[in-house]
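Residues per chain are reported as follows:
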Amino acid sequence: MKRVWFAAAFLLLAAALCIGDQWYIRTFHSEMDKKITAAMSAAEKQDMPALEADIASVQHYWSEKNDLLFTLSNHTVPDELGARIRAMRPENSTITEELENVKAYNDVLYEDQKITFANIF
């Protein structure tokens, strides 16, 4: 009987961890997407003070959240995403392209971590 309770407790713990993982990834993706979109808007308007603040916001958010992302996911995509985020500079002439690449890697990270039939099997 103890084995059944232990197994039930383990299954509940595993389910809670999966739900927490999905919530964290979804929240991270959503917040990062908002920040990148704001930076892209500032870059299109050529508003340098806003662009500098938005890029700093993206970089700060990444530095706050990246430790847990590395724990929850395969390191390949977060490594690339982090390298691209750290390399962003508002004065670069290709900042719009850099922001689009960061947005794309953020989407790849989310798609890789999202629970789908293809990701499980």
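Scroll up to find the structure this text is about.
Residues numbered from 1 in each chain as written. Predicted model: local features only at pLDDT ≥ 70, side-chain atom pairs only at ≥ 80, totals over all residues. Heavy atoms only, no water.

**Student:** For the packing of helix α2 (residues 48-72) against helix α4 (residues 95-113), give the residues involved together with the corresponding values.
**Tutor:** Between α2 and α4, the least distance of the axes is 13 Å, while the angle of their chain directions is 25°. One element, α2, and the other, α4, form an angle in the roughly parallel class. Here α2 and α4 pass one another in a crossing that is left-handed. For the pair α2 and α4, the contacting residues are L51, I55, L69 and L72 in the first and I95, L99, L109 and Q113 in the second. For the contact of α2 with α4, a count of residues per class yields 7 nonpolar, 1 polar and no charged. (Axes fitted to C-alpha atoms, helices over the stretch in contact; angles between N-to-C directions. Helix = DSSP H or I, 4+ residues; strand = E, 2+ residues; numbered from the N terminus. Parallel < 35°, antiparallel > 145°, perpendicular 65-115°, else oblique. Left-handed = near helix turned anticlockwise from the far one by under 90°. Contact = heavy atoms within 4.5 Å. Nonpolar A, V, L, I, M, F, W, Y, C, P; charged D, E, K, R; others polar.)

**Student:** Could you give me a rundown of the pattern of salt bridges, with the residues and numbers involved?
**Tutor:** Throughout the structure, instances matching the rule amount to 4 salt bridges. Between D33 and K103 there is a salt bridge whose closest N-O contact spans 2.3 Å. Of this pair, D33 sits in helix α1 (residues 2-45) while K103 sits in helix α4, and the two are 70 residues apart along the sequence. Relative accessible area serves as the criterion here: at 21%, D33 is assigned to the partly exposed category. One salt bridge connects E80 with R84, and the closest N-O pair in it is separated by 2.9 Å. Linking E80 with R84, this pair stays in helix α3 (residues 76-87), spanning 4 residues, or about one helical turn. (Salt bridge = Lys/Arg side-chain N within 4 Å of Asp/Glu carboxyl O. Buried < 20%, exposed > 50% of the residue type's maximum accessible area, 1.4 Å probe, protein only.)

**Student:** Which residues make up unusual backbone geometry, and what are the values?
**Tutor:** Leave glycine aside and you will find that most residues have negative phi; peptide bonds, for their part, are mostly trans. If you check the backbone angles, Q46 has positive phi at about 60° while not being a glycine. Looking at the secondary structure, you find Q46 in the loop between α1 and α2.

**Student:** Describe α1, with residues and values.
**Tutor:** Between its first and last C-alpha atoms α1 spans 64 Å; for 44 residues at 1.5 Å apiece the expected length is 64 Å, and the two agree. Listed as buried for α1 are D21, Q22, Y24, I25, F28, H29, M32, I36, A39, M40, A42 and A43. Buried residues along α1 sit in contact with α2, α3 and α4. Two residues or fewer after α1 comes Q46, characterised by a positive phi angle close to 60°. (Expected span 1.5 Å × (residues − 1).)

Interpretation note: all reported values are geometric properties and have no functional meaning in isolation.
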